[in-house]
Amino acid sequence: MSESTHRNLLAHNAGTPQTELPADPAAAELASATPEQLIGIVGGHPATSLGWALLAERALAADTAEGTIQAYAYARTGYHRGLDALRKAGWRGSGPVPWEHEPNRGFLRALWALSVAAGRIGETDEQERCSQFLRDSSEAGYRELAN
């Protein structure tokens, strides 16, 4: 058994069903939003992990100390809102959250942004935990976001 198979069996308890989030009510607005419109859309839909992830990604792209701290806060919010949504959808703390299911991507992107921001501020344990959580949730998501 490979290390990858061993890890996945443990992470998903061999047979744990995948979790698919419902459509994000803000997704259509976010898809056509300008960077200036993001804050207003997220303010109107504070449960949107995708919106928080987009704000985090934009702040990370600034590549400044201030942007990194903003990204950390945005990503942590998106991550926690995503955990709330996952639990509401029946997730019990483990199991696949497939990248291929579009509504899951907001949570997965927030998780990746949190890992990146944590790494930039030297919070190595959090960076590694989030990165591994992403891999355990969606290897495809990890590959897509890490590239």
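Residues numbered from 1 in each chain as written. Predicted model: local features only at pLDDT ≥ 70, side-chain atom pairs only at ≥ 80, totals over all residues. Heavy atoms only, no water.

Chemist: For the overall build of the protein, give the residues involved together with the corresponding values.
Modeler: What the protein contains, in helices and strands, is eight helices and zero strands. Each helix (α) and strand (β) of the protein, taken in turn from the N terminus, gives the series α-α-α-α-α-α-α-α. What you see for the protein is a C-alpha radius of gyration of 15 Å, in line with the 15 Å of a compact globule of 147 residues. Counting across all 147 residues of the protein, residues that qualify as buried make up 44%. Put simply, 63% of the contacts in the protein that link residues at least 6 apart link residues at least 24 apart. When the accessible surface of the protein is summed, it comes to about 7700 Å², and 53% of that surface belongs to carbon and sulfur atoms. (Helix = DSSP H or I, 4+ residues; strand = E, 2+ residues; numbered from the N terminus. Rg over C-alpha atoms; globule rule 2.2 N^0.38 Å. Buried < 20%, exposed > 50% of the residue type's maximum accessible area, 1.4 Å probe, protein only. Contact = heavy atoms within 4.5 Å. Areas by Shrake-Rupley, 256 points an atom, 1.4 Å probe, with all protein chains shown as cover.)

Chemist: An account of the pattern of salt bridges is needed here, citing residue identities and associated values.
Modeler: Overall, the coordinates contain seven salt bridges when judged by the stated rule. E126 is the partner of R76 in a salt bridge, and the nearest nitrogen-oxygen pair spans 2.5 Å. Pair noted here: R76 is in helix 5 (residues 65-88) and E126 is in helix 7 (residues 124-137), with a separation of 50 residues, a long-range link. With relative accessibility at 22%, the residue R76 sits in the partly exposed group. Here E126 falls in the buried class, since its relative accessible area comes to 10%. For E102, the salt bridge is made with R105, and the minimal N-O distance between the two is 3.4 Å. Owing to a relative accessible area of 53%, E102 belongs among the exposed residues under this scheme. Overlapping salt bridges, with partners in common, bring together R76, E126 and R129 in one network. (Salt bridge = Lys/Arg side-chain N within 4 Å of Asp/Glu carboxyl O.)

Chemist: Explain the confidence of the model for the protein to me, using residue names and the numbers behind them.
Modeler: The share of residues in the protein with pLDDT of 70 or more is 90%, and the mean pLDDT across the chain is 91. This stretch, residues 1-12, has a pLDDT under 50; its non-local contacts, to residues over four places away or in other chains, come to 14 contacts. (pLDDT = per-residue confidence, 0-100.)

Chemist: Can you break down the side chain of S115 residue by residue, with the values?
Modeler: Tracing the chain through its elements places S115 in helix 6 (residues 105-120). Look past the residues within four positions of S115 in its chain and what remains in contact with it is Q127, C130 and S131.

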